[in-house]
Amino acid sequence: DARQTDSRTIRNAYQTATHSIAVQLILEGRGVKAYYQPKYPSLLVRMGVGTKVQDLSYVLLRDKECMVHVNKPGTLLVVEGPTRAQAGRMAT
């Protein structure tokens, strides 16, 4: 029966399992940059020319389900999480 395999509950469960929420943080200004040193768990951010580099690794370890992606120039951070609340909490 087609109604058993195509129900709203199955569709919603599939969408919840396959979709995620993303938040983009744009870093602009002279000397502002974010990068991983040497790889994922250690995120370093410089907030301008002449400022010390801040280690934001503790932010990444708050929620294991969220991922933070950084573009090559280091001016765009994308926080991706399974729910809107988790992605928003990581971005703030």
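Values in this document were obtained by computation on a predicted structure and should not be read as measured data.

### Structural notes on the pairing of strand β3 (residues 43-47)
When strand β2 (residues 32-36) meets β3, the two strands line up antiparallel, connected through five bridges. If you follow V32 over to β3, its bridge partner there is M47. Where β2 folds back onto β3 in an antiparallel hairpin, the turn is made up of six residues. In terms of strand pairing, β3 meets strand β4 (residues 54-55) through two bridges, oriented antiparallel. The residue bridging L44 from the neighbouring strand is D55, located in β4.

### Focus: the pairing of strand β5 (residues 67-70)
Two elements, β5 and strand β6 (residues 76-81), share four bridges in a ladder whose sense is antiparallel. Opposite V68, over in β6, you have V79 as the bridge partner. In sequence, β5 turns back onto β6 through a hairpin of five residues, with G74 there showing a positive phi of about 85 degrees.

### A word on helix α4 (residues 84-91)
Q86, A87 and M90 are the residues of α4 that are buried. The arc that holds the buried residues of α4, viewed along the axis, is 95 degrees, so those residues lie on one side. For α4, the secondary structure elements touched by its buried residues are β1 (21-26), α3 (57-60), β5 and β6.

### Examining unusual backbone geometry
Cis geometry is found at the peptide bond from Q37 to P38, where omega equals -10 degrees. On the secondary structure map, P38 appears in the loop between β2 and β3.

### Here we look at the nonpolar core
Side chains of nonpolar character tend, in soluble globular proteins, to be buried together. In this structure, L27, V32, A34, L43, V45, L60, C66, V68, L77, V79 and M90 together form the largest nonpolar core, which totals 11 residues. Looking at this core, the elements that each hand over two or more residues are β2, β3 and β6. With residues up to four places along the chain from it excluded, the contact list for A34 reads L27, L44, V45, V70, G74 and L77.

How each quantity is defined
- For every chain, the first residue of its written sequence is number 1, and the numbers climb from 1 along that sequence.
- With pLDDT at 70 or above as the cut-off, local features in this predicted model cover only qualifying residues; side-chain atom pairs require 80 or more to be listed or tallied, and sums for whole chains, interfaces and linings still use all residues.
- The basis for every side-chain value is the complete set of heavy atoms in the structure, and neither hydrogens nor water enter the calculation.
- Whether two strands pair comes down to DSSP finding at least two bridges between them.
- Helix numbering and strand numbering both begin at the N terminus, where a helix is a DSSP run of H or I of at least 4 residues and a strand a DSSP run of E of at least 2.
- Relative accessibility under 20% of the residue-type maximum defines a buried residue, over 50% an exposed one, and the middle range a partly exposed one, all with a 1.4 Å probe and only protein chains included.
- Here, the arc refers to the directions that run from the helix axis to the C-beta atoms.
- Contact between two residues is taken to exist if any of their heavy atoms lie within 4.5 Å; hydrogens are not considered.
- Residues belong to a common nonpolar core when they are buried Ala, Val, Leu, Ile, Met, Phe, Trp, Tyr or Cys residues joined through side-chain atoms within 4.5 Å.

Shape descriptors only; they carry no functional weight alone.
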